[in-house]
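# Observations on chain architecture
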Amino acid sequence: PDCANGEGKTALHAALHNPVSMKRLRNCDRATFQILVIYSCITTSLGIYRSSPLGSKLYINGDEITFGTPMLRAIRFQNDDAFRILVEFGAFLSDRDFLLLYKMKLLRRFRKMIIKCNDSRGLLVDGKDVQNCGVWSEAVDWSFPPTWKVAVHLCSFCGLPEEVFNSYLVPFLPRHWLYNSAQLAGESIPPRILASLGELELRYRDKV
């Protein structure tokens, strides 16, 4: 099932996309999603996705080049049908989704859906946290990518006392400092798609 087209769209993206109306799903869309669930084609675990045979599993937060993950698409187009299905299945807003919403200044507009999405994961986030997410705080730690945290950890060896570094420096490190210009512009191809396209290209070369 994890076979993508040139835009990185899989059967999962197709199932949660109604070309007639961005704000609702058709019965056939819901049925397609249910079939994928019944046959255990979708997983919420990135570890299971990576360890499964190539192409056998769909990751619920899999990116496509244009609109990101299914959850990000559902939020941006206010598709309550798709949003409800994804939340019930266990999908969540990834740090890359959050970056794109932050970059496009859409956090305030969609904060209710963002908060509801995180409530399903047991993350208590209120509207104030979402609006003030430009810099790190414990409340929005979930929205910062692992690479940001690794970089900050390396910076902690700068020689400052740990308490001073954590209390007076980390809260003033903007999330965009540790992204490259392509990521901030939303032009970079998501890693999952890049890897998938590379594997498909290698397979084609092997056959030739």
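Residues numbered from 1 in each chain as written. Predicted model: local features only at pLDDT ≥ 70, side-chain atom pairs only at ≥ 80, totals over all residues. Heavy atoms only, no water.

## Comments concerning the packing of aromatic side chains
Per the stated rule, a full pass over the model turns up two aromatic pairs. For the pair phenylalanine 33 and phenylalanine 89, a centre-to-centre distance of 5.8 Å together with 80 degrees between the ring planes defines the contact as edge-to-face. In this pair, phenylalanine 33 sits in helix H2 (residues 27–38) while phenylalanine 89 sits in helix H5 (residues 80–89), placing the two residues 56 residues apart along the sequence. On the basis of relative accessible area, phenylalanine 33 is assigned to the buried category, the value being 3%. (Phe/Tyr/Trp six-rings, centres within 6.5 Å; stacked < 30°, edge-to-face > 60°. Helix = DSSP H or I, 4+ residues; strand = E, 2+ residues; numbered from the N terminus. Buried < 20%, exposed > 50% of the residue type's maximum accessible area, 1.4 Å probe, protein only.)

## A look at the nonpolar core
Counting residues in each nonpolar core, the largest one holds 34 residues, and the members touching the most others are Met71 and Leu93. Elements with a contribution of two residues or more to this core: helix H1 (11–15), H2, strand S2 (58–59), helix H4 (70–76), H5, helix H6 (95–103) and helix H7 (111–119). Of all hydrophobic cores here, the second largest spans seven residues; its members include Trp148, Phe165, Val170 and Leu173. (Core = buried A, V, L, I, M, F, W, Y, C linked by side-chain atoms within 4.5 Å.)

## A word on helix H9 (residues 146–155)
By the burial criterion, the buried members of H9 are Trp148, Ala151 and Val152. Buried residues in H9, looked at end-on, bunch into an arc of 100 degrees, giving them a common side. Exposed positions of H9 whose direction lies more than 90 degrees from the buried face are Pro146, Thr147, Val150 and Leu154. Packed against the buried residues of H9 are helix H10 (162–169). (Arc of directions from axis to C-beta. Contact = heavy atoms within 4.5 Å.)

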